Every structure is written in C-alpha cells, then in structure tokens.
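Architecture and fold: a report
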Amino acid sequence: MDFPLSRQIAQDLTFVAETGSTNADLVANFANAQDFSVLVAGFQTAGRGRSGRDWLAPAGSSLFVSVLLKPSLVAANRFSWIPLLAGLAMAKTVAQFLPNKKVSLKWPNDVLVESNKVSGVLSELLPDLSGVVVGAGLNILQTKAELPIEAATSLVIEGNSDASIDAVLAGYLQNLKELYESWVSANGDAVQSGLRNQVIESCSTLGLSVKAILPGEQELLGKAVGIDDTGRLILQPDSGAEVVAVAAGDIVHLRHN
Ligand code: BTN
C-alpha cells in the first residue's frame with residue numbers, strides 16, 4: 001500500500017503489511033528514528049490498547065498508526081499533554097470526514113461520534129524519557145458485527161464510505177503536526193499555545209457525571225468540572241469531598257446534569 005497524501009506531510013513514513021504492534025515497534029526502534037517518524041500497519045496481531053487491553057480490528061478495515069514525538073525543546077513533565085494533543089488531532093480529523101455528526105473528545109483521548117467510540121490513542125513514554133510514541137487506531141470500514149463492543153462505531157457506519165485510509169491518515173498527520181508544532185513553539189506550555197482551550201472545547205466529558213476508574217481499580221463518582229494546566233481531569237466528587245485531579249484512569253460517561 002502506498003500513501004501519497006500522507007507522505008506529503010510526513011517524509012519519514014513506513015508501511016508494514018502486518019506486525020504485532022506499531023507502538024511496540026517504534027518504542028523498540030526509537031534511538032534510530034527522528035521526530036515525527038510514522039509507522040503504519042495493515043494489520044496488527046498484538047495491538048495494544050489502554051489499561052492493558054487489546055486493540056483488534058480486521059485486516060484492511062481501519063487505521064493503525066504510531067508517531068514518534070521527540071520534542072527536544074519541551075521538558076518531560078509537559079509530555080502529559082501529548083495524549084490529549086493526539087486525541088484532539090484525531091477528533092478534528094473525524095469531524096472533517098463526518099461534517100454532520102457530533103464528534104468529541106472523551107478525556108483523555110478517545111474520539112466519540114455521538115456517544116460511540118470511533119478511535120482510541122495509546123501513548124507510551126520512551127525508555128530514556130526523550131519523547132513519546134503516540135499510537136492511534138481509527139475504525140474506518142468496519143460493520144457493526146466487526147466491532148468489539150456495542151458502543152463502538154466506524155466512519156462507514158456513520159455514513160462516510162468514501163474515505164481512503166491514506167486520506168484519513170493524511171488528515172490526522174496534518175492536524176497532529178499543526179497542534180504539535182504550535183505546542184513545541186510554546187515550549188510545551190498548553191495554555192500559551194491554546195492547546196488547553198481547544199481540548200476543553202472538544203471535550204464532551206466536561207459537565208457530565210462520570211465514574212472514574214483509577215489505577216488500582218479504585219472508583220470515584222463525580223462531575224467532570226475542568227481540565228487543569230497539566231491536562232488532568234478535575235472531578236467534583238458526589239460525596240461532597242474536595243475536588244480531585246485525575247492524571248490517569250478510565251472515565252465512564254454517566255449522564256448530563
Ligand atoms: C485505546 O485503548 O483506546 C487505545 C487504542 C490504541 C490502538 C493503536 S493501533 C496503533 C497503535 N499500536 C498499538 O499497538 N496500539 C495503538
């Protein structure tokens with residue numbers, strides 16, 4: 001498979017027909033790869049999802065892409081914005097391909113069409129802390145029967161059956177590059193670069209009652225009331241306790257208040 005549109009945006013783009021996980025491959029090879037190197041697969045046999053889950057999709061049905069981000073001008077304590085940045089880039093891309101649908105970011109980096117998940121992002125820190133591999137899976141051609149859960153969707157199911165994997169990837173890489181370059185120019189300051197405001201605008205988690213499943217399986221019920229300067233989700237617990245800043249965890253959207 002060739003990627004003429006995507007190669008115009010990312011000069012260092014490699015396609016493999018099949019691999020275990022594009023994230024695993026880029027993490028293993030990070031020392032030899034430059035900033036914004038892209039690895040795309042036609043099929044993954046051991047795709048990784050968040051929280052130790054799998055990410056599986058039939059061959060040729062979807063986008064599996066990882067991008068190496070090594071922002072030498074940004075301190076590692078600001079890398080917490082990279083997952084949100086990539087999720088926002090994907091949300092913008094999906095919105096471009098589904099202009100009549102409500103597309104949003106579910107904190108930190110799932111992309112929803114209405115309330116169904118169309119894309120997920122897994123970010124993995126490099127062993128020497130010099131950057132992050134950001135991997136995205138996007139459901140493009142799957143039918144309902146080919147999706148792993150009821151609350152999932154694809155571009156085809158949502159009415160776009162013309163989108164080629166190259167066109168979608170090029171859109172994502174363009175959005176990712178623009179957001180990344182403006183964030184790097186601000187030395188990783190997401191407030192100054194406007195990234196935080198854009199994430200807030202796109203994030204449908206805000207204002208909802210949610211269940212947060214925190215590392216260690218501890219659960220917290222509350223209302224999502226904000227995103228702080230480091231990208232953490234601010235929750236007002238239903239118990240009336242002080243607000244909690246959630247840095248990592250799974251969020252379940254419960255209802256509007
Ligand atoms: C999630 O759980 O929502 C995140 C899924 C991330 C899947 C992508 S597919 C390309 C890249 N390689 C992987 O092994 N995982 C990510």
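The structure displayed is predicted, hence computed values, not measured ones.

**So, the pairing of strand 6 (residues 116-125)**
In this sheet, strand 6 lies alongside strand 5 (residues 110-113) in antiparallel orientation, the contact comprising three bridges. Residue pairing for strand 6: leucine 112 is matched across the bridge by lysine 117. In this structure, the hairpin formed by strand 5 and strand 6 is closed by a connection of two residues, where glutamate 114 is found at a positive phi of approximately 55°. In the sheet, strand 6 pairs with strand 7 (residues 132-139) via seven bridges, with the strands oriented antiparallel. Across the sheet, the residue bridging to leucine 122 is glycine 135, located in strand 7.

**Details of the site of the ligand**
In the vicinity of the ligand there are 20 residues, among which Ser21, Gln44, Arg48, Arg50 and Lys117 approach most closely. In the model, an oxygen atom of the ligand is placed 2.7 Å from a nitrogen or oxygen of the serine 21 side chain. Taking 420 Å² as the accessible area of the ligand by itself, protein coverage stands at 99%. Contributions of two or more residues to the shell around the ligand are made by helix 2 (22-28), strand 3 (62-69), strand 6 and strand 7. In terms of residue count, strand 6 provides more of the shell around the ligand than any other element does, four residues in total. By residue class, the composition of the shell around the ligand is six nonpolar, 10 polar and four charged.

**Quick look at unusual backbone geometry**
The amide bond that connects tryptophan 107 to the next residue, proline 108, takes the cis arrangement and shows omega of 0°. Inspection of the secondary structure assignment puts proline 108 in the loop between strand 4 (103-106) and strand 5. With a phi close to 55°, glutamate 114 is a non-glycine residue in the positive phi region. Here glutamate 114 is to be found in the loop between strand 5 and strand 6. Phi is positive for glutamate 217, which is not a glycine, with a value near 70°.

**Details of the packing of helix 3 (residues 82-97) against helix 4 (residues 165-185)**
Where helix 3 meets helix 4, the axes come as close as 8 Å, and the angle between the chain directions of the two elements is 140°. Taken together, the axes of helix 3 and helix 4 are oblique relative to one another. Here helix 3 runs over helix 4; the crossing is right-handed. Across the interface between the two elements, Ile82, Leu85, Ala86, Leu88, Ala89, Met90, Lys92, Thr93, Gln96 and Phe97 of helix 3 pack against Ala167, Val168, Gly171, Tyr172, Asn175, Leu176, Leu179, Tyr180 and Trp183 of helix 4. Of the residues assigned to the contact of helix 3 with helix 4, the class counts are 14 nonpolar, four polar and one charged.

Thresholds applied
- Residues numbered from 1 in each chain as written.
- Predicted model: local features only at pLDDT ≥ 70, side-chain atom pairs only at ≥ 80, totals over all residues.
- Heavy atoms only, no water.
- Pairing = 2+ DSSP bridges.
- Helix = DSSP H or I, 4+ residues; strand = E, 2+ residues; numbered from the N terminus.
- Near = heavy atom within 4 Å.
- Polar contact = N/O pair within 3.5 Å; in protein donor to acceptor, adjacent residues only side chain to side chain.
- Areas by Shrake-Rupley, 256 points an atom, 1.4 Å probe, with all protein chains shown as cover.
- Nonpolar A, V, L, I, M, F, W, Y, C, P; charged D, E, K, R; others polar.
- Axes fitted to C-alpha atoms, helices over the stretch in contact; angles between N-to-C directions.
- Parallel < 35°, antiparallel > 145°, perpendicular 65-115°, else oblique.
- Left-handed = near helix turned anticlockwise from the far one by under 90°.
- Contact = heavy atoms within 4.5 Å.

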